[in-house]
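Residues per chain are reported as follows:
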Amino acid sequence: MLRCCYYLLGIVCLLGIGLSGTAAGRLGEEGEAVTALVQDSGYLVVRNIAIVGNKKTRTSIILREISTVPGDTIYLKDLAETLEERRKQLLNTSLFLNVTANVKNWDGNNADLVFEVWERWYTFAFPIFKLADRNFNQWWVEKGHKLNRLNFGVKGTQENLTGRNDGLDATLQFGYTQKIALAYNLPYIDKSFRHGLGILFSYSRNREVNNVTSNNKQQFFKKDDEYLRQAYVVGLRYSYRKAINARHQVFLTYNYEKVADSVAIINPDYLGKGRTSVRYLDLSYRFTYIKADSWIYPLKGVSITGEVAKRGIGPLSDIDDVRFRLNYTKYWQVHRKTYLALGMRGQVKFSADQPYINQQALGYAEDYLRGLEYYVVDGTSFAILKSTLRRELVSFKIKLPIVPKKFNSVPFRIFAKTYGDAGYAYSKFPGNGFLNNRFLYTGGVGIDIVSFYDTCLRIEYSVNQLGQKGLFLHTSVDM
């Protein structure tokens, strides 16, 4: 009986049933009838691992992302789950549009694993057309959707430049913020595929400056056509990645910022002590651990990011602080097509006596409560708790005409969700900020539209503790 079960499973593998999308589920469901009959002692020994379909990406880079090597033993009852996990590991590199995993050349207990990859398009040159304000609603409602608050230009990206998952980015931007930037990242510089390096440079200037906050709203200062602010950043990045899910990174950047005399006169605390320029080194260590079904839009798993940093070293310490950050999110599948996410993020900064530009707490970047997009809460320390319950409504693909077959299938997944957030920000000098040093909470419902190339459109209707309601649009993933 046991031998018959081996033959049946071997036939399935020899037919090359790929574990891609529904195929993985099919083997997971139909295969259960076979593997259920196999004793727990049934196993497969991996003889070889073959990669098919990679024209640009080096095979060694792909093998680095598969936490299975020749000689490993896989129990037959775990085979479908193991192959699906390895398939998702490759997809999480963002190098491929799709991946299938097969078992072939079965010979007794030995067999080969074959991964077929569909490489994505790696070269992009696209126009920049983005908001200078923190989010769409702030620009559309509070700033009257004025075109002079837009940034435009061109950004060129060459991903997987040498086939080693390295990337080169160049930006030439005009409009509200004029900017030129160049960055290169090489994730592996050694034969063991553990150590990586990156470099960056950017220069930007503005004719308008957010020089103060009043009633938890950013206030802006502009003077004719004079450039009021200029900033330079030069940096190095070192990374160490021994395993698949964990990464260590060290960043060292030199920062120089200069403002016009009028900015320092209006707010002497903008750069601190009435200064018109500051220089400082920023050294930070970051630990990242992600074990999830997707690194872009996770539904099951866990994500952890911790950071400790020192701003101001030696003579380059016009701004001086020590800060700690922690982001933690846990994802569960609680029912069929239903998912729960709970997360927290926070920061503690010492000392609390910092210039204005170093007091960004809630409302900046990804550190905000859904429903408080119109506000900022300045401070040096903060904590945010977030919860989201999602339900997948539909999943489908659209075929694009004319586009090459490799890229003409565009997948979409649409989720309905409900959410609730809470937060607190501490400021030593709150001024007239009525949201500072106060417990905050918001909630709402929304729709997420997810597609490939790491895109997500969020449509959210939120209400905050002030009783204010509104429809908000975002194009980034939120926990």
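Keep in mind that this is a model prediction, so the values were computed, not measured. (Residues numbered from 1 in each chain as written. Predicted model: local features only at pLDDT ≥ 70, side-chain atom pairs only at ≥ 80, totals over all residues. Heavy atoms only, no water.)

Colleague: Explain the overall build of the protein to me, please; I cannot follow it from the model alone.
Modeller: Regarding its fold elements, the protein presents 6 helices and 22 strands. For the protein, the residues scored as buried account for 46% of the 479 residues in total. Counting only contacts in the protein whose residues sit at least 6 apart along the sequence, the fraction spanning at least 24 positions is 60%. If you sum the accessible surface of the protein, you get close to 23700 Å²; carbon and sulfur atoms cover 59% of it. (Helix = DSSP H or I, 4+ residues; strand = E, 2+ residues; numbered from the N terminus. Buried < 20%, exposed > 50% of the residue type's maximum accessible area, 1.4 Å probe, protein only. Contact = heavy atoms within 4.5 Å. Areas by Shrake-Rupley, 256 points an atom, 1.4 Å probe, with all protein chains shown as cover.)

Colleague: Help me understand the nonpolar core, please; the structure alone is not making it clear to me.
Modeller: What tends to happen in soluble globular proteins is that the nonpolar side chains get buried as a cluster. With 22 residues, the main nonpolar core has Leu44, Leu90, Phe96, Val103, Leu113 and Phe115 as its most contacted residues. Those elements that provide at least two residues to this core are strand E1 (43-52), helix H4 (79-91), strand E3 (96-107) and strand E4 (110-119). Top element by residues in this core is E3. It accounts for 5 residues. Leave out the neighbours within four places in its chain, and leucine 44 touches Asp72, Thr73, Ile74, Leu76, Leu79, Val103, Trp106, Asn109 and Ala111. Within the second largest apolar cluster, 13 residues are counted, among which are Leu362, Tyr374, Phe382 and Ala425. (Core = buried A, V, L, I, M, F, W, Y, C linked by side-chain atoms within 4.5 Å.)

Colleague: Even after reading the chapter, I still don't get the pattern of salt bridges, so can you show me in this structure?
Modeller: When the charged atoms of two side chains lie near each other, side chains of opposite charge can form a pair. Throughout the structure, instances matching the rule amount to 23 salt bridges. Between aspartate 478 and arginine 370 there is a salt bridge, and its shortest N-O distance comes to 3.4 Å. One end of the pair, aspartate 478, is in the segment after strand E22 (469-474); the other, arginine 370, is in the loop between strand E17 (338-350) and strand E18 (381-399), with 108 residues separating them in the sequence. Both residues of the pair, aspartate 478 and arginine 370, count as buried. Among the charged side chains, a network of salt bridges with common partners joins Arg390, Lys417, Asp448, Arg458 and Glu460. (Salt bridge = Lys/Arg side-chain N within 4 Å of Asp/Glu carboxyl O.)

Colleague: When you look at the side chain of threonine 329 in this model, what are you seeing that I'm missing?
Modeller: By secondary structure assignment, the location of threonine 329 is in strand E16 (residues 316-335). Classification of threonine 329 by relative accessible area gives buried; the value is 11%. When residues no more than four places from it in sequence are discounted, the contact partners of threonine 329 are Gly301, Val302, Ser303, Leu342, Gly343 and Met479.

Colleague: Looking at this structure, I do not really get the environment of tyrosine 176. What am I missing?
Modeller: With respect to the helices and strands, tyrosine 176 occurs in the loop between strand E7 (167-175) and strand E8 (177-186). For tyrosine 176, a relative accessible area of 13% gives the class buried. For the pair tyrosine 176 and asparagine 206, spaced 30 residues apart in the sequence, the C-alpha separation amounts to 6.5 Å.

Colleague: Is there a simple way to explain the packing of aromatic side chains in this structure?
Modeller: Working definition: an aromatic ring pair is given by the centre-to-centre distance plus the angle between the planes. One pass over the full model with this rule turns up 9 aromatic pairs. Taking 6.1 Å as the distance between ring centres and 45 degrees as the angle between the ring planes, the aromatic pair formed by tyrosine 232 and tyrosine 256 counts as tilted. Taken together, the residues tyrosine 232 in strand E12 (residues 229-240) and tyrosine 256 in strand E13 (residues 246-259) connect sequence positions 24 residues apart. For tyrosine 256, a relative accessible area of 23% corresponds to the partly exposed category. Three or more aromatic residues joined by ring pairs form one cluster here, namely Tyr203, Tyr232 and Tyr256. Above the ring of tyrosine 227, the side-chain terminus of arginine 205 is found at 3.9 Å from the ring centroid. (Phe/Tyr/Trp six-rings, centres within 6.5 Å; stacked < 30°, edge-to-face > 60°. Lys NZ or Arg CZ within 6 Å of the ring centre and 35° of its normal.)

Colleague: Please clarify how a negative patch on the surface should be interpreted in this entry.
Modeller: Residues Asp224, Asp225, Glu226 and Asp261 make up a contiguous surface patch of negative charge. Note on placement: aspartate 225 falls in the loop between strand E11 (217-222) and E12. When its relative accessible area of 60% is taken as the criterion, aspartate 225 is described as exposed. (Patch = residues over 30% accessible without salt bridge, like charges linked within 9 Å, V, L, I, M, F, W, Y side chains within 5 Å. Lys, Arg positive; Asp, Glu negative; His and termini not counted. Charge placed at Lys NZ, Arg CZ, Asp CG, Glu CD.)

Colleague: I tried to follow the environment of valine 212 on my own but got confused; where do I start?
Modeller: Secondary-structure assignment places valine 212 in strand E10 (residues 208-214). For valine 212, a relative accessible area of 31% puts it in the partly exposed group. Between the C-alpha atom of valine 212 and that of valine 263, which follows or precedes it by 51 residues, the distance is 9.9 Å. Those residues in contact with valine 212, other than ones at most four positions away along the chain, are Lys217, Gln218, Gln219, Asn267 and Tyr356.

Colleague: Honestly, the confidence of the model for the protein in this entry has me stumped. Any pointers?
Modeller: Should pLDDT be low for a region, the predicted coordinates there are not to be read in detail. Per-residue pLDDT for the protein has a mean of 88; in total, 88% of the residues score no lower than 70. Within the model, pLDDT remains below 50 along residues 1-39, and this stretch shows 57 contacts once partners closer than five positions in the same chain are excluded. (pLDDT = per-residue confidence, 0-100.)

Colleague: Quick question: what am I supposed to make of a nonpolar patch on the surface here?
Modeller: Together, Ile189, Leu197, Tyr238, Val250, Leu252, Leu283, Tyr285, Val308, Ile313, Phe324, Val348 and Phe350 line one region of the surface with nonpolar side chains, adding up to about 940 Å² of accessible area. Breaking the nonpolar patch down by element, the ones donating at least two residues are E13, strand E14 (277-292), strand E15 (301-313) and E17. Here valine 348 is to be found in strand E17. Look at valine 348 and you get partly exposed, because its relative accessible area is 36%.

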